[in-house]
Each structure stands twice: as structure tokens, then as C-alpha cells.
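Spelled out from the first residue to the last, the chains are:
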Amino acid sequence: MIKPKSIAQILAELVVEGGMPLKAVAITGELIAMDARISDYPNGAMKHGSLIDIERAAESYEALVKKAEGIGKDFLETKDRQTLMNELVAIKDTMAALL
Amino acid sequence: MTVFALRPRLLRLLLPLLVLVFTAISGNALAGPKPAPGQFLTAATLIGAEPLQDATSHQVVWKIAPKPAAACCVAAEDAGTATISQYATDAGAHFSIEVNAGGQSLSTEQIITNEFNDTTIGINTSVNPVNSVTVQLPNGQGALDYMNGLLGENTGTYNSFSNSCLSYCGNVLNAGGLNVPLNSTLGTARFLNSLGP
């Protein structure tokens, strides 16, 4: 079984292997903690009462996973720290809505 | 003169022989490797098959596209139904699934077993669903077997998006022959929402 990647996994790899600046590491730590809470019951998708809302929340998370992957890839190529910081903050705002 | 007059007739006679000789020399069997006894017995078993010429070995190989399981390989008596029920708990949404097939019935749910969020599958004890949907399963027996195989087993760490009570229901539907993505809360929700209200 191939386990789908989580935001925490993607960002943790970026910290370890990507040479992330310390300021970004601090935000990343917050995002990883948020991701753990979002993935836990009854947060994330399952906090909603209707299947439609569950689907929307899960879609939102999937979009965040793709965004995190893109941010990581871009940073590894450009080493643009400011863009990295801005994107991480944007992810944090969207993740907060899933809690 | 007689020889020249006979040439076209001779050629017609000799042509098949020449082809056979050439084939034997080049190692190219016209019909490819013969199937083993019991293999490719009828045309029906070759639906989707297409001969492919291997340019390097000059062997003809058969590439066979598998037929959809529901169409060809599941006996009608294996069909069944699945009912997914949704519960509103103080903590959040919860789902269970009941499968009926071949006179058997089993209702199960995913349960978190400890503080580290390990999960297992247990006999359903949730009551008073707020919503239920029943779907036909091409392979109800497969779904029952899948559920039975997981009862009491450690089914991994809970994850709202990839290992939830709802994604477990999706896995059961998948084992029952429906096109629901495995280990996906999103995929299962999408499938159920596609059935309409």
C-alpha cells in the first residue's frame, strides 16, 4: 500500500534536505503541528456534518498537499527565501480553516 | 520454351513452399507461439487480445487487455448490497458499513483503539444513523471477505484523509467491485455524493 503524502511529510523533508532558513523552519514546525491535528479525529474532513462538506474539506486538504509539494520543489530550484516564507504563511491560513 | 510457359503456374505452386521455407529459416512462426493446452480455448477469452510483433526476436506475442471484473469474472450469486450509515456524534461524523450477500450479513466500523490513534475494524455498535445509503455490489462476497479479514486486526494509524471510518467504507465498496479509490476519504465522499441525495 502506498501511503499518500501529508503536508507534514513534505515540509519535514524540505527542512531536512532542502536547507530551509531558520525563520521558515519555525513556521514549518507550526504547520507540521497543525497537520497532525487536522489529520486527527475528529478534525479535518470528519468534523463536518454532511458528506458534501466532508468532500470539500478533503479537497481543500488535497489542494494544500499539492501546493506544499510545489513550494518545496520551487524552493529547491530557486532558493528564494522570501517567496518560501510568503507561501508557508498562506498555507497556514488555509490550514487553520480545517481545524 | 515449355519451361517459360509454365513459369506462372510453377510460381503459384512454389510460392507457399517458399514462404514456409523462409519462415523456418528466419524463426518467425506465422501464428506465434502456440498456446498451452487449456489456454485461449475460445474466441470469447481473447476479447481485447491483439497480436504484437516483437521486432528483435521476430516472435508474435499476445497482449491481452483484462476484461472488467464485474462483467466477466464475478458470479451473479456473489452480488450483494452495502449500506453506509452516517452518525452524528459529539466529536464529529462517523460512518459504518453493512454488507449483505449470499444470505450473510455483516455490519462493521473502524474504531480508534488507543491514544496513539491505532485503528481496528469491529462489529458495528453505533446506533441511530442520521443518514444511510444503499448501493448494489457486483461482488458482495468479496466485500464480506474483506471485512472478515480485517476484524480485530490493526489497520494502521488513524488519518482523517487517508485512514478514516469513511475511507474504510470506501475500501469495502472497492472490495465489493465498485470503482471507489482505496484509502481515500475524499474518493469515498465523492462516490457517495455522486449517487445523489
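Reference entry: report on the structure contained in this document. What you see is a predicted model; the values in this text were computed from it and never measured.

The rules behind the values
- Residues numbered from 1 in each chain as written.
- Chains lettered and ligands numbered in written order.
- Predicted model: local features only at pLDDT ≥ 70, side-chain atom pairs only at ≥ 80, totals over all residues.
- Heavy atoms only, no water.
- Helix = DSSP H or I, 4+ residues; strand = E, 2+ residues; numbered from the N terminus.
- Buried < 20%, exposed > 50% of the residue type's maximum accessible area, 1.4 Å probe, protein only.
- Core = buried A, V, L, I, M, F, W, Y, C linked by side-chain atoms within 4.5 Å.
- Contact = heavy atoms within 4.5 Å.
- Expected span 1.5 Å × (residues − 1).
- Arc of directions from axis to C-beta.
- Phe/Tyr/Trp six-rings, centres within 6.5 Å; stacked < 30°, edge-to-face > 60°.
- Buried area = accessible area lost by both parts, 1.4 Å probe.
- Salt bridge = Lys/Arg side-chain N within 4 Å of Asp/Glu carboxyl O.
- Polar contact = N/O pair within 3.5 Å; in protein donor to acceptor, adjacent residues only side chain to side chain.

### Overview of the environment of G142 of chain B
Residues and elements named next belong to chain B.
Then step 1. Mapped onto the elements of the fold, G142 is located in helix α3 (residues 140-150).
Then step 2. Overall, the relative accessible area of 17% leaves G142 in the buried class.
Then step 3. Note: C-alpha distance between G142 and T125 (17 residues apart in sequence) is 23 Å.

### Remarks on the nonpolar core
Then step 1. Grouped together as the largest cluster of nonpolar side chains are 57 residues, with contacts concentrated most on M46 of chain A together with F95, I97, V99 and L173 of chain B.
Then step 2. Ranked by residue count, the leading element in this core is helix α3 (residues 51-78) of chain A, at 10 residues.
Then step 3. Setting aside chain neighbours within four positions, we find V99 of chain B in contact with T81, A82, Q104, S105, L106, L137, G140, A143, L144, M147 and V172 of chain B.

### Quick look at helix α4 (residues 81-96) of chain A
In an α-helix, one turn spans 3.6 residues, which is why side chains three or four residues apart end up on the same side.
All names here are of chain A.
Then step 1. Here α4 contains 16 residues, and its C-alpha end-to-end distance of 23 Å stays within 8% of the 22 Å for a straight helix at 1.5 Å per residue.
Then step 2. Three or more residues of α4 are buried, namely L84, M85, L88, I91 and M95. Angular distribution of buried residues about the axis of α4 spans 125 degrees; they occupy a single face of the element. Within α4, the exposed residues directed more than 90 degrees away from the buried face are Q82 and D93.
Then step 3. Those residues of α4 hidden inside the fold are in contact with α1 (7-17), α2 (22-39) and α3.

### What about α3 of chain A?
All names here are of chain A.
Then step 1. Between its first and last C-alpha, α3 extends 40 Å over 28 residues, near the 40 Å set by a 1.5 Å rise per residue.
Then step 2. Buried within α3 we find L51, I54, E55, A57, A58, Y61, L64, V65, A68, I71, G72 and F75.
Then step 3. Just past α3, the residue K79 takes up positive phi, approximately 60 degrees.

### With respect to the packing of aromatic side chains
Then step 1. Tallied over the entire structure, the rule returns 2 aromatic pairs over all chains.
Then step 2. A centroid spacing of 5.7 Å and a plane angle of 85 degrees characterise the contact between Y41 of chain A and Y158 of chain B, whose relative ring orientation is edge-to-face. Placement of Y41 of chain A in the loop between α2 and α3 and of Y158 of chain B in the loop between β8 (154-157) and α4 (165-175) is noted, with the two residues assigned to different chains.
Then step 3. On the accessibility criterion, Y41 of chain A (22% relative accessible area) is partly exposed.

### So, the interface of chain A and chain B
Then step 1. At the interface, 23 residues of chain A touch 24 residues of chain B.
Then step 2. Taken together, the two surfaces of chain A and chain B that pack against each other cover about 2000 Å², and 62% of this comes from carbon and sulfur.
Then step 3. Summed over the three residues of chain A that lose the most area to chain B, namely Y41, M46 and L51 of chain A, the buried surface amounts to 35% of that side.
Then step 4. In this assembly, chain A and chain B are joined by 2 salt bridges.
Then step 5. Run the count over chain A and chain B and you get 10 residue pairs in polar contact (both at pLDDT 80 or more).

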